[in-house]
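This is what each chain is made of:
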Amino acid sequence: MAISSALSFLSDRKRPIVISVALFILLSSLFLLLSPAPSALPFFFSPTSRFSSSSSFSSSVAASAPPQTPMPVSVPAPPQTPIPVSADALPTETPVAVGISDGSSNGSADLPRADTAASASKAAATARLQDHSTPPPAAAAEVTASVDTKEIPTGVSGGGVADGRGGGGGGEEEQVELPSWKLCAVGKRVEPADYIPCLDNVKAVNLLKSIRHMEHRERHCPTEPRPRCLVPLPAGYRLPLPWPRSRDMIWYNNVPHPKLVEYKKDQNWVKKSGNYFVFPGGGTQFKAGVARYIRFIEQIMPQIKWGTHTRTVLDVGCGVASFGGYLLDRNVITMSFAPKDEHEAQIQFALERGIPALLAVIGTQKLPFPDNAFDVIHCARCRVHWYADGGKPLLELNRVLRPGGYYIWSATPVYRRGKRDEDDWNAMVTLTKSICWRTVVKSKDVNKIGVVIYQKPTSNSCYIERRNNEPPLCSRRDGHSPWYTPLDSCLLLPAVSSSGEGNSWPISWPERLKIRYSTTSDNFSTQFSQEKIDSDTKHWNGLVSEVYSSDLAVDWSSIRNVMDMNAGFGGFAASLIDRPLWVMNVVPFDHPDTLPIIFNRGLIGVYHDWCESFNTYPRTYDLLHMNYLLQSLTNRCDIIEIAVEIDRILRPGRWFVLQDNIEMIRKMDRVLRSLDYKTAIMKRQFLVARKGFWRPDSTSS
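What counts and what doesn't
- Residues numbered from 1 in each chain as written.
- Predicted model: local features only at pLDDT ≥ 70, side-chain atom pairs only at ≥ 80, totals over all residues.
- Heavy atoms only, no water.
- Core = buried A, V, L, I, M, F, W, Y, C linked by side-chain atoms within 4.5 Å.
- Buried < 20%, exposed > 50% of the residue type's maximum accessible area, 1.4 Å probe, protein only.
- Helix = DSSP H or I, 4+ residues; strand = E, 2+ residues; numbered from the N terminus.
- Contact = heavy atoms within 4.5 Å.
- Pairing = 2+ DSSP bridges.
- Axes fitted to C-alpha atoms, helices over the stretch in contact; angles between N-to-C directions.
- Lys, Arg positive; Asp, Glu negative; His and termini not counted.
- Salt bridge = Lys/Arg side-chain N within 4 Å of Asp/Glu carboxyl O.
- Polar contact = N/O pair within 3.5 Å; in protein donor to acceptor, adjacent residues only side chain to side chain.
- Disulfide = S-S within 2.5 Å.

A. Seen up close, the nonpolar core. If you look at the biggest cluster of nonpolar residues, it comprises 143 residues, and the most contacted ones within it are Trp-386, Tyr-407, Trp-409, Tyr-548 and Met-668. Ranked by the residues each element gives to this core, the list is headed by helix α20 (residues 639-649), at 7 residues. Residues within four places of Met-668 in sequence aside, it is in contact with Leu-630, Ile-639, Ile-642, Ala-643, Ile-646, Phe-656, Leu-658 and Leu-687. By size, the runner-up hydrophobic cluster in this structure holds 22 residues, among which are Phe-286, Val-313, Val-451 and Ile-453.

See the structure below:
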């Protein structure tokens with residue numbers, strides 16, 4: 001009866017109001033039940049908002065990465081002496097199981113020759129370097145965001161890019177057509193996890209008419225179709241050990257190549273201890289240890305002054321790079337290089353240890369370094385016939401050695417008396433005299449290992465006064481960078497101004513980093529003013545301290561090596577100089593030639609074309625940095641090919657940082673998220689992407 005009365009009452013007076021309220025409550029309840037949680041709506045984040053403290057990235061990596069691998073990794077105090085440690089005394093981790101499937105082919109073997117495109121790109125880059133070496137003031141002023149965490153949440157973006165692998169885009173911009181990702185199919189005798197497209201082009205190598213001059217170790221890049229495949233992880237791959245611990249030991253599964261242990265078991269290069277490779281600091285020519293060998297060199301020639309007078313070193317045929325690794329303690333930065341597979345994975349060992357290294361060979365083409373770059377060149381039994389082909393290999397060392405610089409040669413011809421060694425020694429005596437190198441010292445250490453040190457002249461007088469013009473003087477400079485350039489058969493004179501300042505030695509390190517004199521790049525006849533260099537330095541110091549160090553979701557404590565993909569004057573590397581890391585400065589071959597300036601500042605770098613693969617093993621860099629380069633690159637090659645190379649070089653769990661316009665950022669963001677990277681866009685000019693452990697398996701489409 002009460003209900004009937006109530007209904008009767010409502011029907012007479014307030015039935016419409018009650019019915020409306022009931023409908024509103026019902027619809028609201030349905031909306032709340034069916035709507036996603038706010039954390040699932042990344043487009044609610046504004047460009048100025050802080051990164052979310054969500055654990056989405058942590059849980060994603062934890063599901064695919066080794067469960068007990070800490071991320072980030074703290075850096076412990078350096079050990080006093082490298083001691084082999086048994087596996088039982090060290091933390092264990094769960095390995096990652098990896099499957100392998102077929103991928104795209106290597107393609108043709110022809111070398112690229114894009115001279116017209118390179119000239120246009122170089123002109124555009126020159127204009128950028130002269131007028132836009134820093135972002136526009138308005139854009140620079142926008143960089144005000146900060147973060148509370150070093151985690152990158154999935155798909156957080158200030159540009160409206162949707163979350164999820166294969167999604168994204170936004171607006172009316174041109175969409176990137178994403179491929180169906182597959183693992184690379186490689187040729188015979190190539191380890192899939194170690195694949196380097198330009199050095200493992202089996203088809204091209206098989207077509208070579210000769211390998212007498214190490215042609216099979218030189219670059220033979222696939223052209224069309226360029227690789228669009230992914231390199232697999234080695235089974236059981238783990239995050240590398242942190243520096244400085246990594247100098248003395250690395251995970252075996254990260255570089256599972258045990259043959260070098262057997263090859264060099266009597267020379268103390270490397271030993272296997274449980275789950276680790278251990279590096280005792282020995283070498284073929286420094287049997288008492290590399291630290292003692294370095295002291296011995298300074299004792300017989302005090303003028304070398306490691307870390308003050310001598311800052312940049314080139315180590316030829318470096319083995320596992322212990323020489324360069326121990327020189328880091330002396331504030332010396334060494335570019336160690338050797339060919340791929342000459343001794344199994346030696347450069348991969350070096351990079352895994354956290355030591356600068358590059359795959360290269362003195363064969364038929366010039367090294368990717370500028371003229372007069374290195375303070376010292378070192379060769380400890382590097383097995384190069386310096387006097388071959390009219391002395392071309394030694395002429396190449398002469399080209400990259402700074403006037404007044406030293407060549408340290410430790411090899412059997414220096415101290416043995418067999419006929420072959422004596423013939424080699426006599427040939428070197430003749431050749432070094434013909435190129436005006438002066439013998440500074442010749443000595444033996446306590447183990448009877450001989451060392452001879454030569455010095456390159458600082459003036460042209462000796463070259464001009466030679467009785468025989470052999471090797472002949474080069475008639476003129478070729479006007480191009482050494483990228484894909486044949487070795488010289490002539491002697492290149494150092495560039496000397498009328499006042500003689502061209503050959504003056506740089507000021508001592510570390511003051512040398514703050515270069516205080518104008519530098520001329522002879523290759524392109526482009527002079528860069530001191531004002532331009534100072535402005536670039538100030539810009540990067542400010543950007544790194546105010547944005548990169550705090551606002552970007554990058555854990556700098558876990559970074560050992562950085563690659564600056566278009567380094568300019570080296571300002572980014574200079575701004576990081578106080579951190580326990582090193583930077584490989586890359587100057588694109590079609591950009592203004594600033595690499596001589598970078599070396600004058602006491603930094604290292606190379607020339608490269610980013611439409612091709614870099615001369616390094618996969619998974620060898622912790623952070624890749626690209627600054628306003630992507631637009632010009634995509635005029636010559638596809639963004640997919642660029643992203644594939646970035647993915648090949650970058651270690652899992654590490655970072656790619658892109659500064660560019662929003663269109664380029666959105667395109668790259670979409671590609672990287674299709675590779676399961678966790679990304680964030682800041683202020684419409686920074687993309688921060690963190691690589692995971694995802695690889696397409698044998699059933700992936």
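B. The arrangement of the sheet that holds strand β4 (residues 276-278) in detail. In space, the 3 strands of this open sheet follow the order β2-β4-β3, with antiparallel pairing throughout. In this open sheet, the two strands that pair with only one neighbour each are β2 (249-251) and β3 (271-273). Put simply, the sheet's adjacent strands are angled 30° from each other on average, direction ignored. Looking at chain direction, β3 and β4 are connected through 3 bridges and run antiparallel. Bridging from a neighbouring strand, Ser-273 pairs with Tyr-276 of β4.

C. Summary view of the side chain of Lys-456. Turning to its location among the elements, Lys-456 is positioned in the loop between β11 (450-455) and α15 (461-465). One buried charge, Lys-456, has no salt-bridge partner; the nearest side chain with opposite charge is Asp-371, at 8.1 Å. Only 2.6 Å separates the side chain of Lys-456 from the backbone oxygen of Asn-398, close enough to count as a polar contact. Apart from residues lying up to four places away in sequence, Lys-456 is in contact with Asn-372, Asn-398, Arg-399, Leu-401, Arg-402, Pro-403, Gly-404, Gly-405, Trp-437, Tyr-463 and Pro-494.

D. Seen up close, the state of the cysteines. Taken as a whole and judged by the stated rule, the model has 6 disulfides. At a sulfur-sulfur separation of 2.0 Å, the disulfide partner of Cys-184 is Cys-229. Handedness of the Cys-184-Cys-229 disulfide follows from its S-S torsion of about 95°: it is right-handed. Taken as a pair, Cys-184 in the loop between β1 (156-157) and α6 (202-206) and Cys-229 in the loop between α6 and α7 (245-248) lie far apart in primary sequence, 45 residues in all. The same class applies to Cys-184 and to Cys-229, which are both buried. One disulfide in the model links Cys-474 with Cys-490; its S-S distance is 2.0 Å. Its S-S torsion of about 95° marks the bond between Cys-474 and Cys-490 as right-handed, since a negative value means left-handed. Of this pair, Cys-474 sits in the loop between α15 and β12 (519-521) while Cys-490 sits in the loop between α15 and β12, and the two are 16 residues apart along the sequence.

E. Focus on the side chain of Arg-226. Mapped onto the secondary structure, Arg-226 falls in the loop between α6 and α7. In terms of polar contacts, Arg-226 uses its side chain to reach the backbone carbonyl oxygen of Cys-611, at 3.3 Å. Setting aside residues up to four positions removed in sequence, Arg-226 forms contacts with Cys-611, Arg-636, Cys-637 and Glu-641.

F. Region of the structure containing the pairing of strand β15 (residues 582-588). β15 sits mainly inside the fold: 7 of its 7 residues count as buried. Neither face of β15 is left uncovered, since the one carrying Trp-582, Met-584, Val-586 and Pro-588 and the one carrying Val-583, Asn-585 and Val-587 both have all their residues buried. Sheet topology note: the strand β14 (residues 561-564)/β15 ladder contains 4 bridges and is parallel. What sits directly across from Val-562, in β15, is Val-583. Strand direction decides the pairing type here: β15 and strand β16 (residues 605-608), joined by 4 bridges, are parallel. Residue Asn-585 lies in a different strand from β16, and its bridge partner there is Gly-605.

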